[in-house]
Amino acid sequence: MDIHEERKDGFLVLGLEGRLDAVSSKMFEEKVLAVIDGGETQFVIDLSRLDYVSSAGLRVFLVASKRLTPAGGKVVLCSLQEPVKQVFDIVGFFSIFSILGSKDEALKSLG
Amino acid sequence: MTRASLFTKTLVLIVVLFGIIASGTSILSGWNLYRNLTQEYQSKGVAIAKSIADSSVELLLNADVSTIQSVVDQFTEIEGVSYVIVFDGQGEAVTHTFVPTVPGDVLELQRRTRTQAVSGAAAINDLSIEGTGDFLDVALPILAGVAGYVHVGMDRSLIRSRIWSAVATQQELMFVIFLLSVLAAYTLVNRISQPLKQLAGHAGKLATQDFSEPATGPSDIDHLPQKSHDEVGKLAESFITMEIALRQSVRELKETTAAKERIESELKIARDIQMSMVPKTFPPFPNRPEFDLYATLIPAREVGGDFYDFFFIDDNHLCFAIGDVSGKGIPAALFMAVTRTLFRTTASKVSRPDSILSLLNLEMCQNNDTCMFVTVFCAVLDIRTGEVEYSNGGHNLPYLISHGETAPLKNTGGMALGFTESVTYRTEKIVLRTGDGLFLYTDGVTEAMDEEGNQFSEPCLAEFLHQANGSSATEIIRGAVDQVKNHSGGAPQSDDITALTLKYLLTAGETTSETIVVELKNNLSEIERLARIADDFGRRHRLNAETSHNVKVALDEILTNIISYAYDDAEEHIIVVRPSLDQGKLTVEVEDDGRPFNPLNVPEPDTKQLLEVRPIGGLGIHVVRKLIDELEYRRQNDKNILTMKLKVKEA
Amino acid sequence: MSDNRIRPIIFLILLLFLPARLLAENIVIGMSAAFTGPSKGLGIELYRGSTAYLEHVNRTGGIYGQKIVIKAYDDGYNPIPAIRNTIKLIEQDNAFLLFNYVGTPTVTRILPLLKSYKEKFVYLFSPFTGAEPLRQPPYGEYVFNLRASYSDETEGLVDNFVSAGRSRIAVFYQADAYGRSGWDGVKKALAKFGLKMVGEATYRRGAEHSQNFKAQVDLIRKSSADAVISIGSYAVCAAFIRDARDAGLNIPIANLSFVGSESMAELLLQSSRTAGKDYKKDLINSQVVPSYQDTALPAVQEYRQLMRKYQPLPPRDLTEAGYTPLPYSYVSFEGFLNAKLLVEVLKRMGPGPTKSRIKGIVESMNSADLGIDAPVTFGPHLHQGLDKVYYTTMKGDRFVPLSDWQGWEK
């Protein structure tokens, strides 16, 4: 899996591409924690190019979120593909995460 | 600069040499002169003293001092005589030539002389008179001292000045000789170093010269061999010879290189032509999901004569072939081009493989002056039924991969094409079942050599193909190529590596049943491989995307759990996955030999929990439950067996 | 050939055939002396004085019809030229006798020559030197001296100094035979009184008046002398006097007759004028001839008259330019007296004089009168005619006779 970084409207946007499974979730976890420790309190994770997610990957989102919320931070997910949406739905992440349709929407919801 | 350093060296040598000679001679001659002059002086002084003494006896006795003075005055005119003083019998100075007065040192000396025992000989003393100089005092008693004493003072400084002037003259001469030597050395060294300098300059220019061009006029050192009849001339001669040879070599090299470049560029063009003659677009027929076809041609360094081809004869019949022209190089490539073109035209006329080959052979024999030949395997697939009719013309028989079994096809007995017109070709028929594959290849695969000359060999290929059960055509080809490359190591590729794989999937409209067995190692990376196999399976059976995805997700979760948690040791374990499709129902069995674990016993998480209180784990099984219709677990023979069942939806 | 050239040729041819006797019209007397150099005054004045008298003699009939001619050469007061000149005079010029030589170093060197020319009977008359070797064997027999010797002069000076209470006598002398003679004279004279010289200093012959003799002055002053006897040439003696007085050494300084008093006085005057000091005090010069101011003496009158009359010149080709002849001088007076002696000798030889008879004639001279109120006597062992010493001192610009030594009494 590849992780792309870009800054838009003053916020960090992380784009995930490929499969987020047990193997790639480790790398994803390291990245997200580094970003949070680096001072980013509000950022977007763009899943438009993520084909697949497994529970290991889901774990990372939980970890990230739990790290951010006490500090008043926020992470917004956007552009989920159908299969990924289904999994998120099954595990009930829609009630915990801010999941929006497009990157622009996500960015607008921040700040 | 050679001249400066050579000359400087010589100069230094001369200087040192002359320095040694000069100092040596001056010291030697100075010393000699000193000794001789001193001796002369002494004898002179003694002679004068004697003369005065003898002539003064009477005068002294008569006290005729002014005559003694006249006598004495004459002697002072002799060179080297500084003073004369005559003492009478009482020791009083009666005659002297001192101005302004007799020095105390002299009086002192006389007193001493008087006290000494009188002998007939002269007493010679070194006397140093302050303010006047150094003298050699010769004292002689007159009439045994009774009449008195005479002292003759010889001027030492005269000796010194004589020595200095002699040494100086010598040194002047030395200096003149030195200068002449320097001049001579300069001339001589110049004679040597001038040509050397020219040579050096010439050599320097050599580096910047373009030897490919003919010499632009006579060399500037051409005259040297005639001019210098010594080692320098020889050197110059060698230089000139070398230069000529060099020029020649460079010219030849240039020509050779040019020729080589020409050939290389032509070869490149030939290779490009060769590559353009084989279809390279994959997947070639995306709208025909009934089969999976992939091929590759990796040309060797030298252009070869391999080819493959595939095309639809009609909507339901796919013709595919592979061939290998004898030999290598441009002739082979050209021949291949001809063959391929003829093949296409022939296949458009007739459709049975044996006919194709016969006709092709006839055509090729006709226009074959060079007696080249080509081995061809040609086949036609009926897509609806999976029937494959094939004919072989001297080529290596392709491998049939069917349900875990790998074996070469039965030969049809035909010979390579282009030899002779009287060859009979036959056709054989096989039926491909779903999932079966055909692996076509040329000997570039099996005969690929490593650095020690060991061939990749057919058994190795068969082994690989056996292992590749379940992989896609692309995977099989790529895998095979990898295997060959691994085997070759650093050895250069001697022949084209050509291979074509055709996998038969479902016939149109039917969903047939299939069961495959996949063995995985307990390594997280294996999950991706399984996913690919799943994709392939799904493609074959035209399962819809959602089904495929769900299966993959479920398998991911299950396998992750097993790999992560099932084993206590660090050993390698095999996990077996058996997907099976039967009448619209997909069953996937996962078997592992790890700890006993029933995932169904894992409690459901509360998905309504707030983020803060949500535990991190346990989601995987939840997902699996949600995606899979039926889940069954049993422990059997020390193994966990989890069975997942899904209803399949058609795409 | 032209007329002008023929005449001398005929004359020469005639000369060749003239009898030898006619040719020997002149009696050639040879003179080698200092006509150049620091002592040129001596040779020149001597020559002038002699030629004044000889001119007179020649003009008044000569010696039995023969004229006396001086053939002079310059030796510059140096022995080697003196020797050469002497040989030349004897061999080439056929000199009848030698005469008027100047200087001790020169004369003592030609003495052996006289001996070697014994067969030719070469005699030296009245050399201008008072040295002993000329008066003693082995060479004394070839020389006839007129003047008193240096011994006489120095003895006189010492006697007078000692009498005046000055017994610490130092000697400043020329480093050669001349100086040595004087030195020896002083030494012997002092020995008579049981005294010794307290100090001495020498100088090299040929030194110039312009040089300084401070070293010598120092040496003498260190000896605490109360009188100095100088035996030197007039130029050096004048310089010595100058340097002594400059250094504050004001003791009386005596010189011998060898210094040409007039020449010395001239130099002292110049120095006095230049330095603004008086260098003319406390000087005593001894002489061997009377003062030319003593007109009571007939010879003096004659001398003065003839000098005025003939105004003799130095020999043209020998003297350097820049010499002003003195109207009267002690040296020229001595030269005059030398000539008088010579003429007397030649007269006594009668007509047709021969060299072999010279010795006998001179040695037989007894109390000859030259007009100076001092008899001239020679003998077989006495080759010095006079022995009187006169004393002069400087008053005003010149040396005048001194009779009274009281001025220097201690």
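Residues numbered from 1 in each chain as written. Chains lettered and ligands numbered in written order. Predicted model: local features only at pLDDT ≥ 70, side-chain atom pairs only at ≥ 80, totals over all residues. Heavy atoms only, no water.

Asker: It is not clear to me how the overall build of chain C should be interpreted in this structure. Could you clarify?
Answerer: Per the secondary structure count, chain C includes 13 helices and 12 strands. Partitioning the contacts of chain C with sequence separation of at least 6, the portion at a separation of at least 24 is 74%. Carbon together with sulfur atoms contributes 52% to the accessible area of chain C, which is approximately 16,900 Å² in total. (Helix = DSSP H or I, 4+ residues; strand = E, 2+ residues; numbered from the N terminus. Contact = heavy atoms within 4.5 Å. Areas by Shrake-Rupley, 256 points an atom, 1.4 Å probe, with all protein chains shown as cover.)

Asker: How do you make sense of the overall build of chain B when you look at a structure like this?
Answerer: From N to C terminus, chain B includes 14 helices and 21 strands. Restricting the contact set of chain B to residue pairs at least 6 apart, pairs at least 24 apart contribute 69%. Accessible area for chain B stands at about 32,100 Å²; split by element, carbon and sulfur atoms hold 55% of it.

Asker: Help me understand the packing of helix α8 (residues 214-222) of chain C against helix α9 (residues 234-246) of chain C in this model?
Answerer: Think of two packed helices as two axes; the pair is described by the angle between the axes and how far apart they sit. Residue and element names in this part refer to chain C. Close contact between α8 and α9 brings their axes to 9 Å; oriented N to C, the two are set at 60°. Judged by the inter-axis angle, α8 sits oblique to α9. Pair α8 / α9 crosses with right-handed handedness. Listed contacts from α9 to K214, V217 and I220 of α8 are F240, D243 and A244. (Axes fitted to C-alpha atoms, helices over the stretch in contact; angles between N-to-C directions. Parallel < 35°, antiparallel > 145°, perpendicular 65-115°, else oblique. Left-handed = near helix turned anticlockwise from the far one by under 90°.)

Asker: What should I look at first to understand helix α6 (residues 150-163) of chain C in this one?
Answerer: Each turn of an α-helix holds 3.6 residues, which means side chains three or four residues apart point in the same direction. With 14 residues, α6 of chain C should cover 20 Å at 1.5 Å per step; its first-to-last C-alpha distance of 19 Å lies within 8% of that length. Immediately downstream of α6 of chain C, the backbone of G165 of chain C shows phi near 90°, a positive value. (Expected span 1.5 Å × (residues − 1).)

Asker: Sorry if this is basic, but what is going on with the environment of P408 of chain B here?
Answerer: All names here are of chain B. Mapped onto the fold, P408 is located in strand β12 (residues 405-408). P408 sits 54 residues away from A462 along the chain, and the two C-alpha atoms are 8.7 Å apart. For P408, the residues in contact, after removing those within four places along its chain, are L397, P398 and Y399.

Asker: Help me understand the interface of chain A and chain B in this model?
Answerer: A common way to report how large an interface is uses the accessible area buried once the components associate. Listed as interface residues are 27 residues of chain A and, on the opposing side, 26 residues of chain B. Of the roughly 2,100 Å² buried between chain A and chain B on both sides combined, carbon and sulfur atoms contribute 66%. For chain A, the biggest contributors to the area lost against chain B are Y52, K66 and I90 of chain A; these three give 26% of the whole. Where chain A touches chain B, the interface holds one salt bridge. Measuring nitrogen to oxygen at the nearest pair gives 3.3 Å for the salt bridge that ties D556 of chain B to R19 of chain A. Counting the contacts that link chain A with chain B gives four residue pairs in polar contact (both at pLDDT 80 or more). Among the secondary structure elements, those contributing two or more residues to the side of chain A that touches chain B are α1 (22-37), β3 (42-53), α2 (55-68) and α3 (82-90) of chain A. If one sorts the elements of the side of chain A that touches chain B by residue count, α2 of chain A sits on top with eight residues. Looking at the side of chain A that touches chain B, its residues break down into 15 nonpolar, seven polar and five charged. (Buried area = accessible area lost by both parts, 1.4 Å probe. Salt bridge = Lys/Arg side-chain N within 4 Å of Asp/Glu carboxyl O. Polar contact = N/O pair within 3.5 Å; in protein donor to acceptor, adjacent residues only side chain to side chain. Nonpolar A, V, L, I, M, F, W, Y, C, P; charged D, E, K, R; others polar.)

Asker: Would you mind showing me how to read the state of the cysteines here?
Answerer: What we call a disulfide is simply a covalent bond connecting the sulfur atoms of a pair of cysteines. Taken as a whole and assessed by the stated rule, the structure comprises zero disulfides over all chains. For the unlinked cysteine C378 of chain B, the closest cysteine sulfur is that of C319 of chain B, found at 4.3 Å. (Disulfide = S-S within 2.5 Å.)

Asker: Can you help me understand the sheet that holds β3 of chain A in this one?
Answerer: By way of backbone hydrogen bonds, the strands of a sheet pair with one another, either parallel or antiparallel. The mixed open sheet is built from five strands, whose spatial order is β1-β2-β3-β4-β5 (chain A). Two strands in the sheet have a free side with no partner beyond their single neighbour: β1 (2-8) and β5 (98-100) of chain A. Across the sheet, the axes of successive neighbouring strands diverge by a mean angle of 25°, strand direction being ignored. The pairing of β3 of chain A with strand β4 (residues 74-78) of chain A spans five bridges and is parallel. If you follow Q42 of chain A over to β4 of chain A, its bridge partner there is K74 of chain A. Each of β2 (11-20) and β3 of chain A touches helix α13 (residues 545-565) of chain B; the most contacted strand, β3 of chain A, lies at about 105° to it. (Pairing = 2+ DSSP bridges.)

Asker: What should I look at first to understand the pairing of strand β13 (residues 428-431) of chain B in this one?
Answerer: Along any regular strand, the residues point their side chains to alternate faces of the sheet. Residues and elements named next belong to chain B. The two faces of β13 differ: E428 and I430 on one face are buried, but K429 and V431 on the other face are not. In terms of strand pairing, strand β10 (residues 387-393) meets β13 through four bridges, oriented antiparallel. Along β13, the bridge assignment pairs Y390 with E428. (Buried < 20%, exposed > 50% of the residue type's maximum accessible area, 1.4 Å probe, protein only.)

Asker: Honestly, the interface of chain B and chain C in this entry has me stumped. Any pointers?
Answerer: Contacts between the two partners involve 20 residues from chain B and, on the opposite side, 24 residues from chain C. Looking only at chain B, the three residues that lose the most surface to chain C are S66, V99 and P100 of chain B, adding up to 29% of its buried area. The shortest N-O distance in the salt bridge between E77 of chain B and R109 of chain C comes to 3.9 Å. Connecting chain B to chain C are 10 residue pairs in polar contact (both at pLDDT 80 or more). Of all the elements in the fold, those that place two or more residues in the side of chain B that touches chain C are α2 (65-76) and β2 (93-96) of chain B. If one sorts the elements of the side of chain B that touches chain C by residue count, α2 of chain B sits on top with seven residues. Split into classes, the residues belonging to the side of chain B that touches chain C amount to seven nonpolar, nine polar and four charged.

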